[in-house]
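Residues per chain are reported as follows:
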Amino acid sequence: MQNRTTPGAMLKAMREKPPLVQCITNYVAMNIAANVLLAAGASPAMVHAAEEAGEFAGIASALTVNIGTLSTQWLDGMQAAAKAAASAGKPWVLDPVAHYATAFRRNAVADLLALKPTIIRGNASEIIALAGGESRGQGVDSRDPVDEAEESARRLAERQQAIVAVTGAVDFVTDGQRAVRVHGGSVLMPRVTALGCSLTCLVGAFAATVPEDMFGATVAALATFAVAGEDAALGAAGPGSFSWRFLDALSALDAETLDARARISAA
Ligand SMILES: Nc1ncnc2c1ncn2[C@@H]1O[C@H](COP(=O)(O)OP(=O)(O)O)[C@@H](O)[C@H]1O
Ligand SMILES: Cc1ncsc1CCOP(=O)(O)O
Ligand SMILES: [Mg+2]
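Treat the numbers as computed from the prediction; the structure is a model and nothing was measured. (Residues numbered from 1 in each chain as written. Chains lettered and ligands numbered in written order. Predicted model: local features only at pLDDT ≥ 70, side-chain atom pairs only at ≥ 80, totals over all residues. Heavy atoms only, no water.)

A. Representation of the sheet that holds strand E6 (residues 163-167) in the model. Read across the open sheet, the 9 strands follow the order E2-E1-E3-E4-E5-E6-E7-E8-E9; overall the sheet is mixed. Strands with a single pairing partner mark the edges of an open sheet, and in this sheet they are strand E2 (43-45) and strand E9 (263-266). Each neighbouring strand pair of the sheet contributes to a mean axis angle of 20°, computed without reference to strand direction. Relative to E2, strand E1 (residues 20-24) runs parallel, the two sharing 3 bridges. Bridged to Gln 22 within E2 is Ala 45. Strand contacts of helix H8 (residues 195-209): E1, strand E3 (62-66), strand E4 (92-95), strand E5 (119-123) and E6, with the helix running at about 160° to E5, the strand carrying the most contacts. (Pairing = 2+ DSSP bridges. Helix = DSSP H or I, 4+ residues; strand = E, 2+ residues; numbered from the N terminus. Axes fitted to C-alpha atoms, helices over the stretch in contact; angles between N-to-C directions. Contact = heavy atoms within 4.5 Å.)

In structure tokens:
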């Protein structure tokens, strides 16, 4: 097996064999998330209907589930797909968008957590609330700093036996034992809708590529976003031009540049 131990090597491996990633994401995110995966070098498929989501999980290499625009029918599809992925030993990633906002979302997320996601990716407010804490989140937007979510993330990772990624100004990733921070990105990123959702899908793509190292795969996806975000911010006049520059930056990012510029520190 070729070396897949650095973010750059993982990115290269992903592009050499683009993984099919089943993304059950929200209406807001579907287009940008698919474009993010294509720009990074993966193969996205937005397949959520209850009638086929479980079957499709059998052919995809990874699944991502995001509750951003939830309905009962979508939840049925999410559960079918998560069960199929888990029973086939394939990675699946949960994005608990605004799960604290309503009873419907809280119950949905509890049911999905019982299906044992491999990786959970959320913003600080989502991760604090998921671990049982008081979050200041407002709808889909975080109102908490990442450093205040770190203990919650460690507890959640231990409780769920999962990798937990908290994103924000500086990202934090833990499996309950190990922990790192990923620096970089741009203040324009939270001003473009659904970039967090797109990152969740990219985490699925890296996890599909490096199934032997879910922790490293998660960190690599976050580092890819951080470096591409810095590049996209150069010359961006605001969120609009940042958005298309970000796709171009992802697509132009090569393995060597990613490894040279990724800023990952022990936490
Ligand atoms: N203030 C910031 N500075 C740099 N990068 C940021 C900042 N806020 C968010 N990001 C980046 O934006 C991406 C999406 O994260 P986030 O905004 O936390 O997710 P969500 O959209 O789910 O709330 C991540 O790559 C994260 O590192
Ligand atoms: C605005 C909005 N409303 C429901 S889902 C969604 C997108 C949220 O995207 P992100 O969590 O990446 O900010
Ligand atoms: Mg989000």
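After that view, the rundown keeps rolling.
B. A look at the pattern of salt bridges. In this structure the tally under the stated criterion is 11 salt bridges. Among the ionic pairs, Lys 12 bridges to Glu 16, the shortest N-O distance being 3.5 Å. Residue Lys 12 and its partner Glu 16 are located together in helix H1 (residues 7-16), separated by 4 residues, close to a single helical turn. For Lys 12, a relative accessible area of 42% puts it in the partly exposed group. The salt bridge involving Arg 136 is made with Glu 148; its shortest N-O contact spans 3.0 Å. A residue pair is termed long-range when its members are at least 10 positions apart, and Arg 136 in the loop between helix H6 (124-130) and helix H7 (150-160) and Glu 148 in the loop between H6 and H7 qualify at 12 residues. Its relative accessible area of 48% is what places Arg 136 among the partly exposed residues. (Salt bridge = Lys/Arg side-chain N within 4 Å of Asp/Glu carboxyl O. Buried < 20%, exposed > 50% of the residue type's maximum accessible area, 1.4 Å probe, protein only.)

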